[in-house]
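Geometric and topological summary
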Amino acid sequence: MRTQVAIIGAGPSGLLLGQLLFKAGIDNVIIERQSADYVLGRIRAGVLEQVTTDLLDECGVSARLHEQGLVHGGIELLFKGARHRIDMRTLTGGKTVTVYGQTEVTHDLMDARKAEGLTTVYSVGNSVTLHDFDGANPKVRYMKDGQQHELECDFIAGCDGYHGVSRASVPEAALTTYEKVYPFGWLGILADVPPVSHELIYANTGRGFALCSMRSPTRSRFYVQVPMEEKAENWTDDAFWNELRTRLDPQARDHLVTGPSLEKSVAPLRSFVAEPMRFGRLFLAGDAAHIVPPTGAKGLNLAASDVKYLSAAFIEHYRDKSSAGVDHYSEKCLRRVWKAERFSWWFTSLMHRFPDAGEFGQKLQEAELDYLVGSKAASTALAENYVGLPL
Ligand code: APR
Ligand code: PHB
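Residues numbered from 1 in each chain as written. Chains lettered and ligands numbered in written order. Predicted model: local features only at pLDDT ≥ 70, side-chain atom pairs only at ≥ 80, totals over all residues. Heavy atoms only, no water.

1. Comments concerning the side chain of T106
As for its position among the elements, T106 is in helix α6 (residues 102-115). Look past the residues within four positions of T106 in its chain and what remains in contact with it is A10, P12, L15, V39 and L40. (Helix = DSSP H or I, 4+ residues; strand = E, 2+ residues; numbered from the N terminus. Contact = heavy atoms within 4.5 Å.)

Structure below.
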């Protein structure tokens with residue numbers, strides 16, 4: 001088999017890239033380790049920047065997003081028992097975010113790919129190997145139904161997440177990695193209950209961070225900070241709701257509706273960047289190249305901006321016979337990536353209890369929160385990062 005771009009991974013990065021390339025007339029094949037149902041079963045964040053919704057518009061897959069997505073013009077910060085609204089819409093000259101689950105984005109992209117008859121090879125397990133990407137004729141080999149296959153291509157897009165084969169195929173000496181692991185995780189729960197408030201509440205409390213988020217007017221997502229070694233199975237639904245309740249203000253507590261969990265899991269918090277993001281004809285995009293802690297909801301949005309740059313680079317290559325986009329891909333992505341890394345690290349540091357912060361650290365955190373909600377300059381800095389920096 002031969003294609004122009006071989007895409008490894010059918011997460012949001014791979015599917016979005018496939019769609020953008022298809023729209024530009026560039027042939028592509030996606031190879032995915034898991035089944036489509038498995039990919040759709042993963043629960044991830046759900047806050048889309050304007051840049052991301054624009055891209056989904058460009059791909060022609062945003063009908064359901066505009067119908068069901070919830071447009072939010074602000075977020076609420078809860079600390080010292082009181083809530084403070086950050087009016088992002090006013091502070092950024094009209095920008096908003098859209099709350100729409102990553103699972104739904106993936107669903108819409110998969111449906112579009114299927115309708116267009118594009119090739120996605122699912123359930124190849126750990127069989128993918130990458131070859132000759134340092135030359136002009138890269139190849140991807142994989143096993144499907146007990147048979148070995150080879151896909152020849154012009155380029156390989158490594159969209160296979162943090163644990164994927166793409167980054168692991170790069171010689172160690174060619175890669176520099178930067179990493180920070182936070183000493184806690186998020187215990188998350190999904191339930192068919194109405195949201196506590198019409199906007200997201202990010203809470204800094206004596207018992208740790210909490211977040212009240214949502215998927216729709218009838219489905220909510222909640223998180224509480226837990227020690228990093230905590231296991232979800234140690235938490236009954238009641239224990240979760242009780243812990244969340246202690247981290248809310250009285251009004252939010254009154255509005256909290258509880259119910260059986262549809263999903264419960266612990267996610268570790270990590271910051272990670274691999275540089276560069278291009279090795280000859282192999283390009284990394286999304287979680288394959290970088291991870292952010294979820295506090296700023298930047299993971300999916302960063303994946304979308306990488307993919308925008310990458311599709312533009314391939315279009316320049318085929319249409320204009322220019323290598324400028326390909327040559328500048330890594331540098332362009334990393335500028336935006338590091339800004340989102342900084343913001344996600346800062347927001348995480350501001351909102352969580354750190355075991356070694358001490359009383360001095362605690363007081364500084366309170367002072368910064370106080371400054372943040374009282375200063376237009378500081379609120380604007382939060383707002384413009386949260387809604388997303390320009391491409
Ligand atoms: N071969 C083929 N596919 C693979 C392999 C492999 N060896 N390893 C991983 N994959 C697949 C995974 O099964 C997954 O479906 O690659 C896909 C990567 O998807 P994501 O992990 O969702 O990463 P990405 O598409 O970059 O999306 C970034 O999604 O994971 C969240 O927090 C992240 O929101 C961010 C966004
Ligand atoms: C979510 O709804 O899952 C969510 C929202 C905002 C975040 C992280 C996760 O910052």
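2. As for the side chain of S197
Assignment of secondary structure puts S197 in the loop between β13 (176-191) and β14 (201-205). Look past the residues within four positions of S197 in its chain and what remains in contact with it is E76, R83 and M214.

3. Digging into the site of ligand 1
Taken together, the neighbourhood of ligand 1 is formed by 24 residues, with S13, E32, R42, R44 and Q102 sitting nearest. Between ligand 1 and P12 there is a distance of 3.2 Å, counted from an oxygen atom to a backbone nitrogen or oxygen. Take E32: an N or O atom from its side chain is 2.6 Å from an oxygen atom of ligand 1. Burial of ligand 1 by the protein amounts to 91% of the accessible area it has alone, namely 700 Å². Mapped onto the shell around ligand 1, the elements with two or more residues apiece are α1 (12-23) and α10 (299-319). Here the element with the most residues in the shell around ligand 1 is α10; it accounts for 3 residues. (Near = heavy atom within 4 Å. Polar contact = N/O pair within 3.5 Å; in protein donor to acceptor, adjacent residues only side chain to side chain. Areas by Shrake-Rupley, 256 points an atom, 1.4 Å probe, with all protein chains shown as cover.)

4. Overview of the pattern of salt bridges
Going through the model one piece at a time under the given rule, you end up with 19 salt bridges. With its nearest N and O atoms 2.7 Å apart, the salt bridge here joins D192 to R219. Of the two residues, D192 is situated in the loop between β13 and β14 and R219 in strand β16 (residues 219-227); the sequence distance between them amounts to 27 residues. Through salt bridges with shared partners, a single network forms among E49, K298 and R336. (Salt bridge = Lys/Arg side-chain N within 4 Å of Asp/Glu carboxyl O.)

5. Things to note about α10
Given a rise of 1.5 Å per residue, 21 residues ought to cover 30 Å, and the 30 Å separating the end C-alpha atoms of α10 matches this to within 8%. Immediately beyond the C-terminal end of α10, within one or two residues, lies K321, with a positive phi of roughly 55°. (Expected span 1.5 Å × (residues − 1).)

6. Comments concerning the site of ligand 2
If you check the shell around ligand 2, you find 14 residues, and the closest are Y202, S213, R215, Y223 and P294. Within the side chain of S213, one N or O atom sits 2.6 Å away from an oxygen atom of ligand 2. Backbone polar atom of P294 to an oxygen atom of ligand 2: 2.8 Å apart, as the coordinates give it. Contact with the protein chains covers 99% of the free accessible surface of ligand 2, which is 280 Å². Breaking the shell around ligand 2 down by element, the ones donating at least two residues are β15 (208-216) and β16. For the shell around ligand 2, the leading source of residues is β15, giving 3 residues. Residues that form the shell around ligand 2 fall into these classes: 9 nonpolar, 3 polar and 2 charged. (Nonpolar A, V, L, I, M, F, W, Y, C, P; charged D, E, K, R; others polar.)

7. Quick word on the packing of helix α3 (residues 50-59) against α10
Taken N-terminus to C-terminus, the directions of α3 and α10 make an angle of 50°; their axes are 9 Å apart at the nearest point. Here α3 is positioned oblique relative to α10, judged by the angle of their axes. In this structure, α3 meets α10 at a crossing whose hand is left-handed. Counted together, T52, L55 and E58 of α3 and N301, A304 and K308 of α10 form the full contact between these two elements. Partitioned by chemical class, the residues of the contact of α3 with α10 number 2 nonpolar, 2 polar and 2 charged. (Axes fitted to C-alpha atoms, helices over the stretch in contact; angles between N-to-C directions. Parallel < 35°, antiparallel > 145°, perpendicular 65-115°, else oblique. Left-handed = near helix turned anticlockwise from the far one by under 90°.)

8. Concerning unusual backbone geometry
Between E275 and the following residue, P276, the backbone shows a cis peptide bond with an omega angle of -10°. For D145, which is not glycine, the phi torsion reads 50° and is therefore positive. Following the sequence through the fold, D145 ends up in the loop between β10 (139-144) and β11 (147-152). Classification of D145 by relative accessible area gives exposed; the value is 69%. Not every positive phi belongs to a glycine, and A297 is a case in point at roughly 55°. When you line up the elements, A297 lands in the loop between β20 (290-291) and α10. A relative accessible area of 9% means that A297 is categorised as buried. (Buried < 20%, exposed > 50% of the residue type's maximum accessible area, 1.4 Å probe, protein only.)

9. Examining the sheet that holds strand β7 (residues 97-99)
One open sheet holds the 3 strands; their spatial order is β3-β7-β4, and the pairing between them is antiparallel. Across the chains shown, the open sheet's two edge strands, defined by having one partner strand only, are β3 (47-48) and β4 (70-72). Pairing analysis gives 2 bridges linking β3 to β7, with the strands arranged antiparallel. Its bridge partner being in β7, V47 is matched across the sheet by V99. (Pairing = 2+ DSSP bridges.)

10. Side note on the pairing of β15
Of all 9 residues in β15, 9 are buried; the element is thus mostly enclosed. Both β14 and β15 contribute to a ladder of 5 bridges, which runs antiparallel. Bridge pairing in β15 links A203 to A210. Hairpin connection of β14 to β15: 2 residues between the antiparallel strands. Counting the residues between successive antiparallel strands, the hairpin from β15 to β16 contains 2 residues.

11. Section: the environment of E384
The topology assignment puts E384 in helix α13 (residues 376-387). Judged by its relative accessible area of 40%, E384 falls in the partly exposed class. Taking the C-alpha atoms as reference points, E384 and K95, 289 residues apart in sequence, are found 8.4 Å from one another. Excluding anything up to four places from it in sequence, E384 contacts T92 and L389.

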